[in-house]
Amino acid sequence: MLEPKKIKYRKQQRGRMKGKATRGNTIAFGDYGLIALQPAWITARQIEASRVAISHSMKKGGKMWLRIFPNKPITKKPAETRMGKGKGAPEYWVSVVKPGRIIYELAGMNEQDARYLLRLASNKLPIKTRFAQRERGIKYEGF
């Protein structure tokens with residue numbers, strides 16, 4: 001599972017997910033990308049499941065870049081615990097994804113194979129996504 005090696009604070013507040021992605025919204029490394037169309041918390045397990053789906057089908061036919069990292073701890077109190085006595089212990093890690101964020105990038109294959117692989121990854125994620133190409137316009141603005 002992905003998680004940070006070291007963090008400044010053990011527990012974080014929930015925060016807001018309003019607005020579009022201002023960073024990570026361009027295809028920087030590969031030729032094809034998977035763009036998020038909705039805001040969400042994507043857990044480390046979901047990221048790993050979609051990464052494995054791509055790499056199993058891709059075999060050695062191309063290169064993949066993971067453009068998100070789960071660096072936000074989500075806390076949870078134990079079951080059947082009374083209210084109060086502070087915030088719960090960190091349970092899992094999430095990545096905050098806003099609309100327009102590139103999640104995966106692929107290179108070294110044709111468009112049909114890239115579409116197939118990114119669709120496999122998209123099925124493992126809890127949000128709507130869209131396929132993007134580098135030459136058809138790098139930045140995605142249409143929401």
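Structure's up top.
The present account deals with the structure reproduced in this document. Predicted model, so just to flag it, every value in this text is computed and none were measured.

### Focus on the sheet that holds strand β6 (residues 102–107)
Now for step 1: Reading across the sheet, the four strands line up as β3-β6-β1-β7 and stay open at both edges, with antiparallel pairing between neighbours. A single partner strand is all that each edge strand has here, and the edge strands are β3 (63–66) and β7 (129–133). In this sheet, neighbouring strand axes are inclined to one another by 20 degrees on average, regardless of whether the strands run parallel or antiparallel.
Now for step 2: Examined bridge by bridge, strand β1 (residues 32–36) and β6 share four bridges and lie antiparallel to one another. When the sheet's bridge partners are listed, L34 is paired in β6 with Y104.
Now for step 3: Each of β1, β6 and β7 is contacted by helix α2 (residues 111–123), which is oriented at about 30 degrees to β1, the strand it contacts most.

### Overview of the sheet that holds strand β4 (residues 72–76)
To summarise the sheet geometry, strands pair through backbone hydrogen bonds and adopt either a parallel or an antiparallel arrangement.
Now for step 1: Strand order in the open sheet formed by three strands is β2-β5-β4, and the pairing between neighbours is antiparallel. The open sheet has two edge strands, β2 (40–43) and β4, and neither has a second partner. Taking the axes of each pair of neighbouring strands and ignoring which way they run, one obtains an average angle of 50 degrees across the sheet.
Now for step 2: Examined bridge by bridge, β2 and strand β5 (residues 89–97) share four bridges and lie antiparallel to one another. Paired with W41 across the strands is V96, a residue of β5.
Now for step 3: Along the sheet, helix α1 (residues 44–58) makes contact with β2 and β5, crossing β2 at roughly 65 degrees.

Criteria and cut-off values
- The residue count restarts for each chain, going from 1 along the sequence in the order it is written.
- Totals for whole chains, interfaces and linings use every residue, but because this is a predicted model, local features are given only for residues with pLDDT of at least 70 and side-chain atom pairs only at 80 or more, for both listing and counting.
- Calculation of side-chain values draws on the structure's entire complement of heavy atoms; hydrogens and water are dropped beforehand.
- Here a strand pair is declared whenever DSSP counts at least two bridges between the two strands.
- Runs of H or I in DSSP of at least four residues are treated as helices and runs of E of at least two as strands, each being numbered from the N terminus.
- Angles shown run from 0 to 180 degrees and are taken between the N-to-C directions of axes, each axis being a line fitted to C-alpha atoms and, for helices, limited to the stretch in contact.
- Any pair of residues with heavy atoms lying within 4.5 Å of one another is described as a contacting pair.

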